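Notes for the structure review
Here is how the chains run, residue by residue.
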Amino acid sequence: MTTRTLLSAGAADMTAPVPVTGRTLLIGLFGAVLFAGLTFVGASIRIPLQPVPITLQTLFVLLAGAIIGPRAGSLGQGLYVGVGALGLPVFAGSVGGWAVVAGPTGGYLLGFLVAPLLVGSLIGRRDSLWWQPLVFWLGSLTILGLGILHLTVFYTHDLMQSLSVGYYPFVAGDLLKILAATSIYRSYKALRRSSR
């Protein structure tokens, strides 16, 4: 058994290092592929606003970090963004290609890679009802923040305009997704405890 360690997918509170084995790697890879697929499904559930549609993707991005851990969660989102960048029509609106990654939604897609790292690193530090939605909110804010930054620097050149098209329309939906992510995550944790 190697001395390298990795946070196990779904390990109790994501704090105890677990030795890397073939089984843990396979579980992590399976989880990454699963959440990449769920993010694709979330892309098809959308309200087609311009230039950034409202989708269900961020729910699965947040849950990826919480459930399978920061590394596997980010890997899954990297897989999703990568296959989309290569041209597979997995992004919202059934489109793909590098132009989408570099387009107005590019910052949000970058946030998909970063948010699971943040959520997965923080979620297990406390097991309280106030902590988990706070962590999911920070993850959501990371996605929105990178999206707004990208919009402002490369497209609108106006922070207020970027906020009006890239933040304000998403606030109510993100609050609902944070509540849903908290409920799903707590149910997942309860199921894991009861199965031991």
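See above for the structure.
This section reports on the structure supplied with the text. (Residues numbered from 1 in each chain as written. Predicted model: local features only at pLDDT ≥ 70, side-chain atom pairs only at ≥ 80, totals over all residues. Heavy atoms only, no water.)

Some words on helix α5 (residues 106-122)
In a regular helix each residue adds 1.5 Å, so 17 residues correspond to 24 Å; α5 covers 25 Å between its end C-alpha atoms and thus fits that length. Along α5, the sharpest change in direction is near 30° and occurs at Leu113; proline Pro116 comes one to four residues later. Of all the positions in α5, only Gly106, Gly107, Tyr108, Leu109, Gly111, Phe112, Ala115, Pro116, Val119, Gly120 and Leu122 are classed as buried. Against α1 (22-44), α2 (57-68), α3 (70-85), α4 (98-102), α6 (131-156) and α7 (159-166) lie the buried residues of α5. (Helix = DSSP H or I, 4+ residues; strand = E, 2+ residues; numbered from the N terminus. Expected span 1.5 Å × (residues − 1). Bend = angle between axes of the 7 residues up to and from the residue. Buried < 20%, exposed > 50% of the residue type's maximum accessible area, 1.4 Å probe, protein only. Contact = heavy atoms within 4.5 Å.)

Structural notes on the pattern of salt bridges
In total, this model carries two salt bridges according to the counting rule given. Linking Asp127 and Arg193 is a salt bridge whose minimum nitrogen-to-oxygen distance equals 3.7 Å. Taken as a pair, Asp127 in the loop between α5 and α6 and Arg193 in helix α8 (residues 171-194) lie far apart in primary sequence, 66 residues in all. Classification of Asp127 by relative accessible area gives partly exposed; the value is 45%. By relative accessible area, Arg193 is classed as partly exposed at 46%. Salt-bridge contacts for Lys177 lead to Asp174; the nearest nitrogen and oxygen are separated by 3.4 Å. With a gap of three residues between them, Lys177 and Asp174 both fall in helix α8, about one helical turn apart. The pair formed by Lys177 and Asp174 is uniform in burial state, with each residue classed as buried. (Salt bridge = Lys/Arg side-chain N within 4 Å of Asp/Glu carboxyl O.)

Some words on the environment of His150
Note on placement: His150 falls in helix α6. The class for His150 is buried, based on a relative accessible area of 14%. Between the C-alpha atom of His150 and that of Tyr108, which follows or precedes it by 42 residues, the distance is 8.1 Å. Excluding its chain neighbours within four sequence positions, the residues that come into contact with His150 are Ala102, Gly103, Pro104, Gly106, Gly107 and Tyr155.

Some points on α7
Inspection of α7 places Ser162, Leu163 and Gly166 among the buried residues, and these make up the whole buried set. All buried residues of α7 lie within an arc of 100° about the axis, which places them on one face of the element. Those residues of α7 hidden inside the fold are in contact with α5 and α6. Between a side-chain oxygen at the N-terminus of α7 and the backbone nitrogen of Met160 the separation is 2.9 Å; the capping residue is Asp158. (Arc of directions from axis to C-beta. Polar contact = N/O pair within 3.5 Å; in protein donor to acceptor, adjacent residues only side chain to side chain.)

Side note on the nonpolar core
Formed by 21 residues in total, the largest nonpolar core has its most connected members in Tyr80, Phe91, Tyr108, Leu109, Phe112 and Ile143. Those elements giving two or more residues to this core turn out to be α1, α3, α4, α5 and α6. If we skip the residues at most four places from it in the chain, Phe112 touches Thr39, Gln57, Thr58, Val61, Gln77, Tyr80 and Ile143. Within the second largest apolar cluster, 19 residues are counted, among which are Ala66, Ile67, Ile68 and Tyr185. (Core = buried A, V, L, I, M, F, W, Y, C linked by side-chain atoms within 4.5 Å.)

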